[in-house]
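# Examination of the molecular architecture
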Amino acid sequence: MIRKGTVKDIDNILLITKACALNMIAKHIFQWNDNYPNKPAFVKDVQRGELYVLEIENTVIGCITISTFMDKEYIPVLWLTENKKNIYIHRLAIHPNHQGKGYAQQLMKYAEAYAIKNNYASIRLDTFSQNHRNLKFYELRSYKKIGDIYFPKQSEFPFYCYELVLWILT
């Protein structure tokens, strides 16, 4: 079941994202660390009504942020669509014990259906350039690589920006 996340979910979500970070670090993927993701980001997601969680048997095993807010790092990116009616995906995470079972696909399918239902022009996101599993994940979902951005507190390597065009504004 996918539902809106609440403040009560945040501590569990932080355990999930910490487990994901440790799992990635063990694979030499330095995408997440002690600086990110963090509690203030998830609190803001809840306040904006943009945090969603995936529950299996009453246990939260994953999360996704579906946002309409464009981060300043995205401003110089030459997106395929105008900067109107776009959503941004952030902090997609599935606990490592549950990865490889299609749960991330479920969360992305939910986000894509939400975007279509609410008449958004596109879905935008970024993912770490060194996380080849994520790159393949989004490319298989027809997201197009648009450009690079950098988050120096996370890595010296770029994050790739992707966009899935749903319709073109005229």
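Structural notes, computed from the coordinates.

### Some details on the pairing of strand β5 (residues 122–128)
The two faces of the sheet receive side chains in turn, since in a regular strand these alternate between them. Counting buried positions along β5 yields seven of seven residues, so the element is predominantly enclosed. Where burial is concerned, the two faces of β5 agree: the one with S122, R124, D126 and F128 and the one with I123, L125 and T127 are both buried. Sheet topology note: the strand β4 (residues 86–94)/β5 ladder contains four bridges and is parallel. Within β5, the residue paired with I87 across the bridge is I123. Read from β4 through helix α3 (residues 103–117) to β5, the crossover connection turns out right-handed. The pairing of β5 with strand β7 (residues 159–165) spans seven bridges and is classified as antiparallel. Bridged to L125 within β7 is Y162.

### A short note on the side chain of R124
Examined against the element boundaries, R124 turns out to sit in strand β5. Classification of R124 as buried rests on a relative accessible area of 0%. Dropping the residues within four chain positions of it, R124 is found in contact with M70, W79, T81, E82, N83, N86, I87, Y88, I89, Y162 and E163.

### Remarks on the pattern of salt bridges
Summed over the entire model, instances satisfying the criterion amount to 10 salt bridges. Where D45 meets R91, a salt bridge forms, and the shortest distance between an N and an O atom there is 2.8 Å. Placement of the pair is D45 in helix α2 (residues 39–47) and R91 in strand β4, with a sequence separation of 46 residues.

### Considerations on the side chain of T81
Turning to its location among the elements, T81 is positioned in the loop between β3 (59–67) and β4. A distance of 3.1 Å separates polar atoms of two side chains, one belonging to T81 and the other to S122. Within polar-contact distance, the side chain of T81 engages the side chain of E163 at 2.6 Å.

### Quick word on α2
Along α2, the residues classified as buried are A41, F42, D45 and V46. All buried residues of α2 project into a common sector of 135° when viewed along the axis, lining one side. Set apart from the buried face of α2 by more than 90 degrees, the exposed residues are P40 and Q47. Looking at the buried positions of α2, the neighbouring elements they touch are α1 (10–26), β2 (51–56), β3 and β4. Backbone nitrogen of A41 and a side-chain oxygen of the N-cap are separated by 2.9 Å at the start of α2; the cap is N38. Note on α2: the residue one or two positions beyond its end, G49, has a positive phi of about 70°.

### Looking at unusual backbone geometry
The amide bond that connects Y36 to the next residue, P37, takes the cis arrangement and shows omega of -5°. Tracing the backbone through its elements, the reader meets P37 in the loop between α1 and α2. Its identity is not glycine, yet H28 carries a phi of approximately 65°, on the positive side. Positionally, H28 belongs in the loop between α1 and α2.

### Concerning the environment of Q130
Turning to its location among the elements, Q130 is positioned in the loop between β5 and α4 (132–140). When its relative accessible area of 29% is taken as the criterion, Q130 is described as partly exposed. Residues Q130 and Y103, 27 residues apart in the sequence, show an inter-C-alpha distance of 22 Å. Every residue in contact with Q130, bar those within four places of it in the chain, is listed here: I29 and F157. Side chain to side chain, Q130 and S129 meet in a polar contact 3.1 Å long.

So, how was this worked out
- Residues numbered from 1 in each chain as written.
- Predicted model: local features only at pLDDT ≥ 70, side-chain atom pairs only at ≥ 80, totals over all residues.
- Heavy atoms only, no water.
- Buried < 20%, exposed > 50% of the residue type's maximum accessible area, 1.4 Å probe, protein only.
- Helix = DSSP H or I, 4+ residues; strand = E, 2+ residues; numbered from the N terminus.
- Pairing = 2+ DSSP bridges.
- Right-handed = clockwise from strand over helix to strand, strands pointing away.
- Contact = heavy atoms within 4.5 Å.
- Salt bridge = Lys/Arg side-chain N within 4 Å of Asp/Glu carboxyl O.
- Polar contact = N/O pair within 3.5 Å; in protein donor to acceptor, adjacent residues only side chain to side chain.
- Arc of directions from axis to C-beta.

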